[in-house]
Amino acid sequence: MSERLGIVVSGSLNKGVEVKLDSSAPIEDMAVGRFVTIEGQKRRFFGMITDVSLGVIDQKLTLTPPDVSDPFIAEVLAGTSTFGTLHVSPSLVIGGDVASLLEGPQPVKTVPSHFSVVNLASQRDVELVFGTEDEKRFFIGTPLDMETKVCLDLEELVKRSNGVFGKSGTGKTFLARLLLIGMLQKGTAVNLVFDMHSEYGWESRDERGRKVKALKQLFPSKVAVFTLDEESSRRRRVSTDFVVRLGYDEIEPEDIALLRQTLNLTEASVQAVYQLAREFGDKRWIEATLGLEEGEETRQLLTKLNIHDSTYHNLRRGLETFRRLPFLVPSAPDNTVKRILEYLDRGTNVILEFGRYTDIAAYILVANLLTRRIHAQYREAMEKAIGEDTIPPRQLVITIEEAHRFLNPEVSSQTIFGTIAREMRKYNVTLLVIDQRPSGIDGEVMSQMGTKITCLLDNERDVDSVLAGVINKSEFKSVLSKLESKQQALIFGHAVPVPVVVRTREYGSAESYRDFIPRDETEAGKDIEELWE
Amino acid sequence: MAEMQRVGEVIEASTTDFVAQCYELYQIPPLGSLVKTKDLPVELYGIVCNAATTSLEPGRRPIARGKDETTEEEIYRSSPQLLKLLRSEFGALVVGHKKDAKLYHYLPPQPARIHSFVYLCPPEEVKEFGQSFDFLNLLINTHLPVPTEELVAASLRQMSQAYEDPRAFLVAAGKELAILLSGNLNQLKAILGRIKL
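No experiment lies behind these values; they were computed from the predicted model shown.

A.B. asks: How do you make sense of the interface of chain A and chain B when you look at a structure like this?
C.D. replies: Counting residues at the interface gives 14 residues for chain A, matched by 12 residues for chain B. Contributions of two or more residues to the side of chain A that touches chain B are made by α1 (60-63) and α2 (71-77) of chain A. The dominant element in the side of chain A that touches chain B, judged by the number of residues it contributes, is α2(A), at five residues. Looking at the side of chain A that touches chain B residue by residue, the class counts come to seven nonpolar, three polar and four charged.

Following this line, the structure appears as C-alpha cells:
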C-alpha cells in the first residue's frame, strides 16, 4: 500500500513542512497523528500529520463561493482552486542515505526538496521504525488506522523514569497495567507498585463493569501481593503474600515534612518535629510525642524546646491521623523493607495494595517511607557492585499514582521520588509515574522523564507541562487534545523513535491474556486455562 | 482511420490563424471543432473560432427576396444563383501542429499555405490531440471577436464528444482551467457554467 497524498510545497526543519493534497486524496480522510513518508530526491522521510487545513487559490473565492451543489463544479474546483493542506513534521530518515540503511532510522537534519511526493506510510515503513515484537520490545498498540504493531523498547524504557498521564477515565490504569505486563513478560525490570486503588494485583472491574484480570492472576509465579489492609484483601479473595505493618519508629521527620500539606501542618509544626526528634531520638519521637499528656511537664518541655502551644496542638492533631491507620503500630513485628527487597532480589515483582486506606496521607507516608529505604539499600548495593565489580542489583521500577502529590515543586526536592526522578539510572531505580494532573509535577522532574505516555488531556496547563521541552510543541498540542477519550494515547520520548499516537492494545479478553503470557509460562496449564474461561 | 471529411480550403493564413472558405454554402464546421490542414511536411491543427456567410462581392449586399414566397427554401429554389453569389467562411485559430508524426501543442514554424485543404478531424484524432490541455492556454490568451469563454467552452464540448466518458474529460479540462484562470474566477465560472453536462 502506498497511497499518494500530495506534494511538499513549503516548510522548514523547525516548523515542519506543508503538503498540498492531491484532489484525489479526500481531506476528510486525513487525521492528525497519521504517519506519512516523503520521497525526497535522496532520502526517504518519515513523519506525522500534525495539522490539516483548507486553502484557496484566490481569496475572492471565499467571498463569492462557487455553486458547489453542482457536482461538476465541485469536482473541478476540488484540488485546484480549493485544496487541502497537511502540516507534516518529518522526524526520521528511513532510507536513502548510508547511515539509515546501516543503522536504521536516523533523526532528520534536513527537509525534503520542493514537490517531493508524500505517501501514507505503509505497514512496512511503520515496522521499520517501531520494530517488531521481540525479547525486549513490547507491543503496546497500533497506529491510527493501521494494523501494524507499535513496539516499545522496554530495555530502554526502564532505564529512565517514565510517566503515564491522562484525565481520569481515559485509560491510565490500563496503560500502566500493560506496561507492567510488558516488563514482567520481557523481564527487563522488577517492579514495586504502590497500588492505591488495589487494581494491579488482583482483578478489578473496568468501566463497563467487566472483570479484568491483573498481574498476580496472569503471572502468579512472578508477582507477590503485599497488603496494608488484610481484611479488604480477604474480602476480595486476593491471595496475599505478606501483610505490611509499619512501626512508628520507622517514620522520620522528613516524612512529616512531606505530609505538611496533607496533614494541614504549619511550617512551625514541621520545625517542631525536628526539635522533638532531637529531643526524643529519631526512633522514638512519635510515640513519645503522642504519649505526652497535658500538664506542667509537657509545658516545661515545650518551653524548653521553644515550641509554641498552638504549634504543638497543630502537630498533635496531625499526628493523631497516624493513630487511625491500623497498619501503623508502635513497633512492627517484621521488617517490611527487608521482605520487599528479598522478593525483588529473587526477581519477584511486589504489588502493595492499600485496601481501604486510600487516604492520600497514608499513601504518601507509606510510599515515601518504603521507597526511601529501598532506594538507600539499592544505592548501597549498587556502589558495592561497582567497587567489587560484581553483578549490580536488578533494575527496579517503582510505580506511584497521584504523583503530583510527591513531585510537586514544593516537595519534590525533599522526597525520595524527586531524587529518583533526577538521579535516573545511576542506581538502577526508576519511576513509573501515573498522574492526572501533570501540571502539578515539578518541571525539573518532568523534563527528566524518558518516555511519556499520555492519554487525552484537555487542561491547557496539563498539556503544556507534558509537552514541555518537546520540539514542535504546538503541533503535538493539537494532536494531544484531539485524542479520543478511550484507548488512545500519544507516546513520545526515549523508548520510541518518533512520537506516535496509538490505539492501545486490547486488554481484558481471554485472548488478550493468552497473548501476554509467554509459551513456557503456561506450565500451570489447566488452572490458568480455566481462569480464562 | 475513417475517411476524413473535407470542409474547405484555406484562403487567408497567418501564423496564429487561417481562414477557409467552405465548398458548400452553410457547410461550416461547428464552432470549437478541431480541423486540420494536410500540408506536408507540417500538418496544422486549428480550432474553429468564428464563421461568416457573406456576399461574394464585398460591396454588394444581398437583398430581401422572400416577400412573395411561403418558405425560406422557396427563395433559394426560385433564385438558384444565390448559392453561387454567397459564400461561407470560417476562421480557425492555430493550436498545434504535427511534424514527422509527432504532435506539438504550440504554433507551427510556418503558417498554412493558401488553398490547403481543410479537414474536420475524426474522433480518434481529436482524442489524440486532447491528451494535452496545453492548447487551452493558446485559446485563453488570444483576442478574438468571439468571447474567449465561449470559444473555450465550445471547443471542450466538441472534444468531449469524442470520448466514451465526456464528463471525465471535461472535469480534467476544468481542473486545468482552474489553474490557468486562478486569477480570473469570473472567467473560470463562465466557462465552467458552459461546459457542465
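What follows continues from the structure just given.
A.B. asks: Which parts of the structure should I look at to understand the sheet that holds strand β19 (residues 396-400) of chain A?
C.D. replies: The pairing of strands in a sheet happens through backbone hydrogen bonds and is either parallel or antiparallel. Residues and elements named next belong to chain A. Taking strand neighbours across the sheet as the criterion, the 12 strands line up as β9-β8-β23-β22-β21-β10-β20-β19-β11-β18-β14-β15 in an open arrangement whose pairing is mixed. In this open sheet, the two edge strands, each paired with only one partner strand, are β9 (150-153) and β15 (242-243). Examined bridge by bridge, strand β22 (residues 488-493) and strand β23 (residues 500-504) share four bridges and lie antiparallel to one another. Its bridge partner lying in β23, Ile 491 is registered against Val 500. Helix α15 (residues 360-388) contacts β11 (190-195), β19 and β20 (429-435) of the sheet and is inclined by roughly 170° relative to β19.

A.B. asks: Which parts of the structure should I look at to understand unusual backbone geometry?
C.D. replies: Not every positive phi belongs to a glycine, and Asp389(A) is a case in point at roughly 60°. Assignment of secondary structure puts Asp389(A) in the loop between α15 and β19.

A.B. asks: Help me out: how do you make sense of helix α17 (residues 416-423) of chain A in this one?
C.D. replies: Listed as buried for α17(A) are Ile416(A), Phe417(A), Gly418(A), Ile420(A) and Ala421(A). Looking at the packing, one finds that the buried side of α17(A) touches α15, β19, α16 (404-407), β20 and α18 (443-448) of chain A.

A.B. asks: Just to check I follow, could you spell out the packing of helix α5 (residues 148-160) of chain B against helix α7 (residues 185-195) of chain B for this structure?
C.D. replies: When two helices pack together, their arrangement is given by the angle between the helix axes and the distance between those axes. Residue and element names in this part refer to chain B. For the pair α5 and α7, interaxial distance at closest approach is 9 Å and the crossing angle is 35°. For the pair α5 and α7, the crossing hand works out as right-handed. Between α5 and α7, the contacting residues are Glu 149, Val 152, Ala 153, Leu 156 and Arg 157 on the first element and Gln 187, Ala 190, Ile 191, Arg 194 and Ile 195 on the second. Split into classes, the residues belonging to the contact of α5 with α7 amount to six nonpolar, one polar and three charged.

A.B. asks: Could you clarify how one ought to interpret the domain arrangement of chain A in this entry?
C.D. replies: Reports of interface size often rely on the accessible area that becomes lost once the parts have come together. On domain assignment, one finds that chain A holds domain 1 (4-130), domain 2 (153-245 + 334-527) and domain 3 (250-313). Summarising the inter-unit geometry, the C-alpha centres of domain 1 of chain A and domain 3 of chain A are found 65 Å apart.

So, how was this worked out
Sequence order as written defines residue numbering, which begins from 1 separately in each chain. To read the labels, note that chains go from A and ligands from 1, taken in the order they are written. The predicted nature of this model means local features are confined to residues of pLDDT at least 70 and side-chain atom pairs, given and counted, to a pLDDT of 80 or more, with totals for whole chains, interfaces and linings taken over all residues. Any residue pair is listed as a contact if its two C-beta atoms, each placed from the backbone, are within 7 Å. Starting at the N terminus, helices and strands are each numbered in turn, a helix being any DSSP run of H or I of at least four residues and a strand any DSSP run of E of at least two. Charged means Asp, Glu, Lys or Arg here, nonpolar means Ala, Val, Leu, Ile, Met, Phe, Trp, Tyr, Cys or Pro, and polar covers whatever is left, Gly included. Strand pairing is assigned whenever DSSP identifies at least 2 bridges connecting the two strands. Axes, fitted as lines to C-alpha atoms, cover a helix only where it is in contact. Angles between the N-to-C directions of the axes lie from 0 to 180 degrees. Note on burial: count the other C-beta atoms lying within 10 Å of the residue's C-beta; 20 or more is buried, 12 or fewer is exposed, in between is partly exposed, and C-beta positions come from the backbone. Crossing handedness follows the turn of the near helix against the far one: under a right angle anticlockwise gives a left-handed crossing, and clockwise gives a right-handed one. Domain start and stop points were drawn from an automatic or database domain assignment.

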